Number of protein chains: 2
Amino acid sequence: MIDQQTFRDAMARLAAAVTVVTSDGPGGLCGTTASAVCSVSDTPPILLVCINRSSRNNAVLKQNGRLCVNVLRAEQQPLALQFSRSGIDAEERFTAGDWLRPIPHSAASAAAATSSTAQVAAMPVLNGALVSLDCRITETAEVGSHTVFYCTVDAVHFGVAGSAVVYFERGFHVVAPAA
Amino acid sequence: MIDQQTFRDAMARLAAAVTVVTSDGPGGLCGTTASAVCSVSDTPPILLVCINRSSRNNAVLKQNGRLCVNVLRAEQQPLALQFSRSGIDAEERFTAGDWLRPIPHSAASAAAATSSTAQVAAMPVLNGALVSLDCRITETAEVGSHTVFYCTVDAVHFGVAGSAVVYFERGFHVVAPAA
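This section reports on the structure supplied with the text. (Residues numbered from 1 in each chain as written. Chains lettered and ligands numbered in written order. Predicted model: local features only at pLDDT ≥ 70, side-chain atom pairs only at ≥ 80, totals over all residues. Heavy atoms only, no water.)

1. Here we look at the sheet that holds strand β9 (residues 131-143) of chain A
Residues and elements named next belong to chain A.
So, step 1. With antiparallel pairing, seven strands are arranged side by side in an open sheet as β3-β2-β6-β9-β10-β5-β4. Every interior strand has two partners, whereas the edge strands, β3 (30-34) and β4 (37-42), have only one. Ignoring strand direction, the axes of neighbouring strands in this sheet form an average angle of 30°.
So, step 2. Sheet topology note: the strand β5 (residues 45-52)/strand β10 (residues 146-158) ladder contains seven bridges and is antiparallel. By the bridge assignment, Cys50 is partnered in β10 with Val148.
So, step 3. Running over the sheet, helix α2 (residues 56-64) touches β2 (19-23), β3, β5, β6 (66-71), β9 and β10 and is turned about 120° from β3. (Pairing = 2+ DSSP bridges. Helix = DSSP H or I, 4+ residues; strand = E, 2+ residues; numbered from the N terminus. Axes fitted to C-alpha atoms, helices over the stretch in contact; angles between N-to-C directions. Contact = heavy atoms within 4.5 Å.)

Next up, the structure:
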């Protein structure tokens, strides 16, 4: 088994999209930058998010039972730092960015042209994100230092197509869609 | 809940590194392109790989109990297509690329300057990949259409630093490290 530093050095070479994961509900408001987000299953539609067990966000997400994955557009890169800063509370983090909060999920569903009409709690949605995925946390797994949140996607809010932010070799990079 | 097509359209906007996951052992040789690879825990070092349950590779990986995640360098992009082509067998897939097969894990461990000396079966390692991670499959979870393979990293083989291949908006993109 390799040590922690070797693992981190290796993972620095695995490029990943940058997202801001948000949630609101009985556990309170939270928002955190996350690059450990992964598509799992298309039938049913499930993705996963890995969140450090030692972070406050972890407990909040579990209490709320819902989250929204906002995939950052290149122009929104500053939000990646804003939502990974320590020492500021959740409300202060959300002073940056254009947040649609709360947005009814039925409205988000309509925007995505789905037939979902379920009434669910509202999560903060980032206006102008490449895509925002409103999810129910349907299962969690404790794996070493992190919790894996399995999320069933209830609604999708598509922004205008644009460039993505990717984290690679410990820096941010812009990836433009093909012309 | 959204439908399959909406989910796929949304996931097309979540950029992801392109890897070739390989394995060899009692279940036979296999290699498949995978972009659903995600860092999970650094203590202990665990990553995950999602593989479709209907693919032959899925059963082979389970039988072998080990796999190697090879993170493609930009110049290796053609391998992404080679290892996702249907209708060709595993041996034929491996005719493209420079494969170190078998490489003793103790040698890979030494290259990564780890202290691991465990004797384990050899996985195909892609020479020139940004990084190759030799893993033990320590747990699996069946989630909808896919199996999530939780993998403990036994050894890492670092290639020379270079540009990555990222899949985004249904196309391949090159991401260069910062100058």
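2. Observations concerning the relation of the copies chain A and chain B
To go from the first copy of the chain to the second, apply a rotation about an axis and then a shift along the same axis.
So, step 1. In the superposition of chain A on chain B (RMSD 0.0 Å, axial shift 0.0 Å), the rotation amounts to 180°. What the rotation and shift describe, once combined, is the action of a two-fold rotation axis. Closest to the rotation axis within chain A is the C-alpha of A:Ala16, separated from it by 2.6 Å.
So, step 2. With an isologous cut-off of 70% or more, the 100% of interface residues of chain A that recur at the interface of chain B puts this contact in the isologous class. (Least-squares fit on C-alpha atoms with pLDDT ≥ 70 in both.)

3. A look at unusual backbone geometry
Residues and elements named next belong to chain A.
So, step 1. Between Thr43 and the following residue, Pro44, the backbone shows a cis peptide bond with an omega angle of -5°.
So, step 2. Inspection of the secondary structure puts Pro44 in the loop between β4 and β5.
So, step 3. Positioned with a positive phi, Glu169 is a non-glycine residue whose angle comes to about 50°.
So, step 4. When you line up the elements, Glu169 lands in the loop between β11 (164-168) and β12 (171-175).

4. Overview of the nonpolar core
Soluble globular proteins tend to pack their nonpolar side chains together in the buried interior.
So, step 1. Counting residues in each nonpolar core, the largest one holds 64 residues, and the members touching the most others are A:Leu67, A:Leu133, B:Leu67 and B:Leu133.
So, step 2. If we skip the residues at most four places from it in the chain, B:Leu67 touches B:Val21, B:Thr22, B:Ser23, B:Val49, B:Leu61, B:Met123, B:Leu133, B:Asp134, B:Cys135, B:Ile137, B:Phe149 and B:Cys151.
So, step 3. In terms of nonpolar packing, the next biggest core, distinct from the first, is built from 19 residues, A:Ala36, A:Cys38, A:Val40 and B:Val143 among them. (Core = buried A, V, L, I, M, F, W, Y, C linked by side-chain atoms within 4.5 Å. Buried < 20%, exposed > 50% of the residue type's maximum accessible area, 1.4 Å probe, protein only.)

5. Considerations on the environment of A:Met123
Residue and element names in this part refer to chain A.
So, step 1. Topologically, Met123 is positioned in the loop between α5 (105-111) and β8 (125-126).
So, step 2. Accessibility expressed as a relative area gives 0% for Met123, which makes it buried.
So, step 3. Between the C-alpha atoms of Met123 and Gly65, which are 58 residues apart in sequence, the distance is 11 Å.

6. A few points about the interface of chain A and chain B
So, step 1. In this assembly, 64 residues from chain A lie in contact with 64 residues from chain B.
So, step 2. The contact between chain A and chain B buries some 5100 Å² in all, and 71% of this surface belongs to carbon and sulfur atoms.
So, step 3. For the chain A face of the interface with chain B, the top three residues by lost area are A:Met1, A:Arg13 and A:Asp42, together amounting to 15%.
So, step 4. At the junction of chain A and chain B, the tally comes to two salt bridges.
So, step 5. When the shortest N-O distance is used, the salt bridge between A:Arg8 and B:Asp42 registers 2.6 Å.
So, step 6. Remark: the boundary between chain A and chain B carries 23 residue pairs in polar contact (both at pLDDT 80 or more).
So, step 7. Contributions of two or more residues to the side of chain A that touches chain B are made by α1 (4-11), β1 (16-17), β4, β5, β9, β10, β11 and β12 of chain A.
So, step 8. Of the residues forming the side of chain A that touches chain B, the biggest block, nine residues, is contributed by β10(A). (Buried area = accessible area lost by both parts, 1.4 Å probe. Salt bridge = Lys/Arg side-chain N within 4 Å of Asp/Glu carboxyl O. Polar contact = N/O pair within 3.5 Å; in protein donor to acceptor, adjacent residues only side chain to side chain.)

Bear in mind that shape data such as this cannot, by itself, settle questions of function.
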